[in-house]
Amino acid sequence: MQNHNLYALFQSRFPADETAAFIETPDGETILYKDIDRLSGHFLGLFEKLGLQAGERVIVQVSKSPAAMMLYLACLRHGLIYIPLNTAYTVAEVEYFARDAEPALIVGDPAREAEFNNLRDRLGIANLFFLDPRGKGSLMQAALAEGPLQHTIERGADDLAAILYTSGTTGRSKGAMLSHDNLASNALTLHEIWGWRPGDVLLHALPIFHVHGLFVASHCALLNGSKMLFLPKFDLERIIELLPQATVMMGVPTFYTRLLGDERFTRDLCRNMRLFISGSAPLLPETFRAFEKRTGMAILERYGMTEAGMITSNPLEGERIPGTVGFPLPGVDLRIADENGTPLPANEIGVLEFKGPNLFKGYWRMPEKTAEEFRDDGFFISGDLASQDETGRVSIVGRAKDLIISGGFNIYPKEIELLIDELPGIDESAVIGVPHPDFGEGVVAVVVPKEGAAPSEEDILAALKDKLARFKQPKRIFFTDELPRNTMGKVQKAVLRETYKDSFKG
Ligand code: MLC
Ligand code: AMP
């Protein structure tokens, strides 16, 4: 039987060259391909010692580091289901995920050790370890005392490799279950269509707790045996320093607007680059054009989501058209449909639906929610509004779901509205995204105070501080006597977005 474990696929592609580097950090830390088996093998030793079984969940909320990458690969090898969490999440937010996923192991940042200990005690989590931004801490200590072991356990195509939480329209997060084959099929396709070639070097500045940085970027590098110049986070200075050594970079649109904002970012700096890829949020056509003017290169925009990885891409060869996300990936069946799932004619706007080998296995322990988002014929309802032209090229024109995407992070207004609405002196609120020069969209809360009450912006922000990750907190709060509603009584968010559209101008 073929082992569908994704790690086995990577392993089969590791370069024969003993000196080939997988990761290089600005601090001079290097991991060679030949060392990946051994380094991840120490974690396998620890997993064995702890008695962790395939199919158990591991929650990881740690800074990006080469060690964190090794931990991810070790989880794949041991058949553990990897659950990465945004490092910005508060412990209150982590608690929700821990209750839902019932992990056998949590790995956290030692900077929040006391809070994690408290969480472990309250939830009865069996194993808690720490890994700091330098790859040190109790996890590493315990792992280095074990192994290294060298198993890559047998996995079937549908066995889960990861659960990535993504919020639903109700504001509560749902765990998207991704199998080894979901990840493998998408990685193989992207490796092929983006023309990865010997000698490619990836500049990796994305976080590794989302699809984009963890799967799309790292998996392509692994399949290609490529080196990743691995930055702990987006850092303009470092990127400018490292670009001449790179050939490929992936980023959210904010990466590209920030680069364009620096005059050192020139055509010469990009002399070895062959591909800039953008996604996770819409790339403005003006950014595409300014980028092309500055560098002579057309950013390749693609479209994806947590539930499926990548779904469409502009072509490597052929025209990349700004404002479009290109063609469905090979193997992806895509249609633009009306609210009943009936396909619409070319160029009409409807909801984008698709299916393919990359499409997830449903939401963790939420069969009803899963059923709601699938059509009877297996198509997944993405919640994105799009059109497709006669040639098959797709344009994302909006969202049917109430979602804000800020700097590539998804923010669900409902989650914030619920928290604001329960504060004293507040009648109701509406949270919207409006144009933001850096993040694409910025979060604005429009709040209706109770009669006679006068809540302040500071009070509201103070109340949200420990409950919500910083990036979700409104960057502006406006007070109003009444929210605009339609005849059905539904808040007209489009009207609010128009009213407050200049909140971040100037
Ligand atoms: C940081 N802040 C943000 C923010 N990121 N606010 C809104 N939106 C964001 N995305 C806030 C912080 O809370 C802080 O607030 C201030 O900005 C500075 O924080 P920072 O940590 O220094 O920010 P910075 O490093 O500059 O981060 C910005 C960023 C980062 C754009 C580089 O957010 C990022 O790496 N985004 C990528 C997200 C991503 O990988 N998405 C992929 C999802 S996968 P204060 O007030 O404290 O100063 C997906 C599928 C697909 O969607 O298709 O790919
Ligand atoms: P997430 O749930 O974090 O995976 O975010 C997925 C969502 O990001 C999609 O449903 C889209 O709304 C959005 N998205 C991703 N890529 C693009 C893109 N290139 N253009 C517009 N929206 C995008």
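Scroll up a little and you will see the structure.
A quick note: this is a predicted structure, and the numbers were derived from the prediction, not measured. (Residues numbered from 1 in each chain as written. Chains lettered and ligands numbered in written order. Predicted model: local features only at pLDDT ≥ 70, side-chain atom pairs only at ≥ 80, totals over all residues. Heavy atoms only, no water.)

Quick look at the sheet that holds strand β17 (residues 350–355) now. The strand order across the open sheet formed by four strands is β16-β17-β18-β19, and the pairing between neighbours is antiparallel. Unpaired on one side and paired on the other, β16 (333–337) and β19 (394–399) mark the two borders of the sheet. Across the sheet, the mean angle separating the axes of adjacent strands is 45° when strand polarity is ignored. (Pairing = 2+ DSSP bridges. Helix = DSSP H or I, 4+ residues; strand = E, 2+ residues; numbered from the N terminus. Axes fitted to C-alpha atoms, helices over the stretch in contact; angles between N-to-C directions.)

Below, the discussion takes up the sheet that holds strand β12 (residues 275–278). Strand order in this open sheet of nine strands is β2-β1-β10-β9-β11-β12-β13-β14-β15, and the pairing throughout is mixed. Two strands bound the open sheet, and with one partner strand each, they are β2 (30–32) and β15 (327–328). Alignment of strand β1 (residues 21–24) against strand β10 (residues 227–230), held across two bridges, turns out to be parallel. Along β10, the bridge assignment pairs isoleucine 23 with methionine 228.

With that settled, the discussion passes to the site of ligand 1. Lining the immediate surroundings of ligand 1 are 23 residues, of which Arg258, Ser280, Arg302, Ser406 and Arg470 lie closest. Here arginine 258 contributes a side-chain N or O atom positioned 2.7 Å from an oxygen atom of ligand 1. At 2.6 Å from a nitrogen atom of ligand 1 is found a side-chain nitrogen or oxygen belonging to serine 406. Contributing elements (two or more residues each) for the shell around ligand 1: α10 (253–260) and β13 (300–305). Taken domain by domain, the makeup of the shell around ligand 1 includes at least three residues from each of domain 2 (276–399) and domain 3 (404–499). (Near = heavy atom within 4 Å. Polar contact = N/O pair within 3.5 Å; in protein donor to acceptor, adjacent residues only side chain to side chain. Domains from an automatic or database assignment.)

Throughout the structure, instances matching the rule amount to 24 aromatic pairs. Ring plane angle 85° and centroid distance 6.0 Å describe the contact between tyrosine 7 and phenylalanine 14, whose orientation is recorded as edge-to-face. Judged by its relative accessible area of 0%, tyrosine 7 is buried. Across the ring face of phenylalanine 379, the terminal group of arginine 335 is positioned such that the distance to the ring centre comes to 3.7 Å. (Phe/Tyr/Trp six-rings, centres within 6.5 Å; stacked < 30°, edge-to-face > 60°. Buried < 20%, exposed > 50% of the residue type's maximum accessible area, 1.4 Å probe, protein only. Lys NZ or Arg CZ within 6 Å of the ring centre and 35° of its normal.)

Now for the site of ligand 2. In the vicinity of ligand 2 there are 16 residues, among which Arg302, Thr306, Asp384, Lys401 and Asn410 approach most closely. A distance of 2.9 Å separates a nitrogen atom of ligand 2 from a polar side-chain atom of glutamate 301. In the environment of ligand 2, an oxygen atom lies 2.6 Å from a nitrogen or oxygen atom belonging to the side chain of aspartate 384. In isolation ligand 2 offers 500 Å² of accessible surface; the protein chains occlude 93% of this area. (Areas by Shrake-Rupley, 256 points an atom, 1.4 Å probe, with all protein chains shown as cover.)

Take it as geometry only, folks, not as evidence of what the structure does.
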